[in-house]
Amino acid sequence: MDATRPFIHAIQAAYPRFVVDEAVFLEDGQYNDVLLVNGRTIFRFPRYSGGLEQLALETKILTAVQPYLPLPVPHPTFVHFANPVVGQAFMGYERIPGEPLYPSAFAQIEDKATLAAQLAEFLQALHGVPIQSLVDEPLPLSDTRDEWLEVYGRIQTKLFPYMRLDACKTVADHFERVLDDPAQYQFEPVLRHGDFGTGNLLYNPAARQMSGVIDFGFAVLGDPAFDVAGLLTYGEPFVQEVARHYPAVADFWPRVRFYQGNFALLEALFGIEQGDEDAFQAGLADYV
C-alpha cells in the first residue's frame, strides 16, 4: 500500500476540488509527516497528538507575520484542524524555492558577510514582530529559568545514567553557571523561531542570497538568544559577523553559548521520552 494514501485522502476530504497528481514524503520529519504534493505544495501532518495544537498555533503565527518579515516564510493556504486527530489535521503551503543551508553548502559561499547581514535583518524583524497584538490567543512563554530548571532535572534523571561521569559533571557546570545567575533572565520575551538551524534556512545559490525560512513549529515568546544559538553551527566568527548587524547579540552572548550547548541533550531527551532510539543515540553520542 502506498503510505501517502491516507494523507491524500485527508487532504481531499477537506479540499475536494484539490487534485492530487503525485505525492511523495519530503523528509523523515521528527515531529511531522511532510508531503510534497504535485511538486509544489507542502503538507505537514503532526505525528503526535501534542503536535496538533502546536501546528494550529504555528499556522496562526505564520499568517500574522507575513507583512513583517524581509524573507519569505510559509504562507498557510490549506488549513484543516476541524478534525483534531493525528493523520487528519494538517497545514499546507506553497513550497519556497531554495536549498537547506547545511554546513557543506555554507562552506561553498564566498560572500558570507552578505549572508550574515540577511540573517541579522531577518532575526531583528522577527524578534520585533508585535505578535501578542496579532494572534487571538496567548502565546506560550519559553526559555524561562523555571523551564530550564525542569529540563535540567529531566536530563539528570533520564540521561545522566547513560553518560560518562566526566560528561555529567561538565553538563552540571554548564547548566548551573547560567541557572544560578539571575542577570541571565532579565530579557524581554520576543517572538522567536525556536529551530533556527541549517535545515530550516533556505539559500538560493544562483542569486547568492537567502530565499526563505521554514518550520516555525517551535515559535513562541522567548529568548532571542535561542535563535542566534542555532547559527553557531556555522562557527563563532560567522555569528560575530551577524552580531555586527544585530548589536543586541552582544548583550546575551552567555545565553547563546548556553543554548547551543543544550541542543544535543534536547535531542537525546526527546528520543528517550518519545521512544525514538535514533534521536536518543545521536543526541548522546558525545556524552557516552
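Scroll up for the structure.
Cut-offs applied
- Residues numbered from 1 in each chain as written.
- Predicted model: local features only at pLDDT ≥ 70, side-chain atom pairs only at ≥ 80, totals over all residues.
- Heavy atoms only, no water.
- Phe/Tyr/Trp six-rings, centres within 6.5 Å; stacked < 30°, edge-to-face > 60°.
- Helix = DSSP H or I, 4+ residues; strand = E, 2+ residues; numbered from the N terminus.
- Buried < 20%, exposed > 50% of the residue type's maximum accessible area, 1.4 Å probe, protein only.
- Pairing = 2+ DSSP bridges.
- Contact = heavy atoms within 4.5 Å.
- Axes fitted to C-alpha atoms, helices over the stretch in contact; angles between N-to-C directions.
- Parallel < 35°, antiparallel > 145°, perpendicular 65-115°, else oblique.
- Left-handed = near helix turned anticlockwise from the far one by under 90°.
- Nonpolar A, V, L, I, M, F, W, Y, C, P; charged D, E, K, R; others polar.
- Core = buried A, V, L, I, M, F, W, Y, C linked by side-chain atoms within 4.5 Å.

Asks: Sorry if this is basic, but what is going on with the packing of aromatic side chains here?
Replies: Evaluation of the coordinates by the stated rule reveals 24 aromatic pairs. Between Y162 and F280, the aromatic rings sit 5.1 Å apart at their centres with planes inclined by 80 degrees, giving edge-to-face as the arrangement. Placement of the pair is Y162 in the loop between α5 (145-158) and α6 (165-179) and F280 in helix α11 (residues 277-284), with a sequence separation of 118 residues. For Y162, a relative accessible area of 47% corresponds to the partly exposed category. When the ring of F175 is compared with that of F258, the centres are 5.4 Å apart and the planes differ by 85 degrees; the resulting orientation is edge-to-face.

Asks: I'm lost on the sheet that holds strand β6 (residues 99-100) in this one. Help?
Replies: In any sheet, the strands associate via hydrogen bonds between backbone groups, in a parallel or an antiparallel arrangement. What the three strands build is an open sheet, ordered β6-β8-β9; its pairing is antiparallel. Edge positions in the sheet fall to β6 and β9 (209-213), since each has one partner strand and no second. Sheet topology places β6 next to strand β8 (residues 201-204); two bridges connect them, and they run antiparallel. Paired with P100 across the strands is L202, a residue of β8. Packing of helix α4 (residues 112-127) onto the sheet brings it into contact with β8 and β9, and relative to β9 it is tilted by some 30 degrees.

Asks: Sorry if this is basic, but what is going on with the packing of helix α10 (residues 263-274) against α11 here?
Replies: Two quantities define a packed helix pair, namely the angle between the helix axes and the distance between the axes. Interhelical geometry of α10 versus α11 gives an angle of 150 degrees and a closest axis separation of 7 Å. Considering the angle they form, α10 stands roughly antiparallel to α11. Crossing of α10 against α11: the hand is left-handed. Side by side, α10 and α11 meet where A264, L265, E267, A268, F270, G271 and I272 of the first sit next to A279, F280, A282, G283 and L284 of the second. Residue composition of the contact of α10 with α11, by class: nine nonpolar, two polar and one charged.

Asks: Is there a simple way to think about the nonpolar core in this case?
Replies: Taken as a class, soluble globular proteins show a tendency for nonpolar side chains to be buried jointly. Residues F122, I131 and M163 are the most contacted members of the largest nonpolar core, which totals 80 residues. The residues contacting M163, other than those within four sequence positions of it, are C168, V171, L265, L284, Y287 and V288. Core analysis: the next-biggest nonpolar cluster, separate from the first, contains 13 residues, I8, L35, V37 and F45 among them.

Asks: Can you help me understand the sheet that holds strand β2 (residues 32-37) in this one?
Replies: Within the open sheet, the five strands sit side by side as β1-β2-β3-β5-β4. Their pairing is antiparallel. At either end of the open sheet lies a strand with only one pairing partner, and these are β1 (23-27) and β4 (76-80). Taken over all neighbouring pairs, the strand axes of this sheet differ in orientation by 25 degrees on average, direction set aside. Two strands pair when backbone bridges link them, and β4 and strand β5 (residues 90-94) are joined in this way by four bridges, in the antiparallel orientation. Residue pairing for β5: F78 is matched across the bridge by G92.

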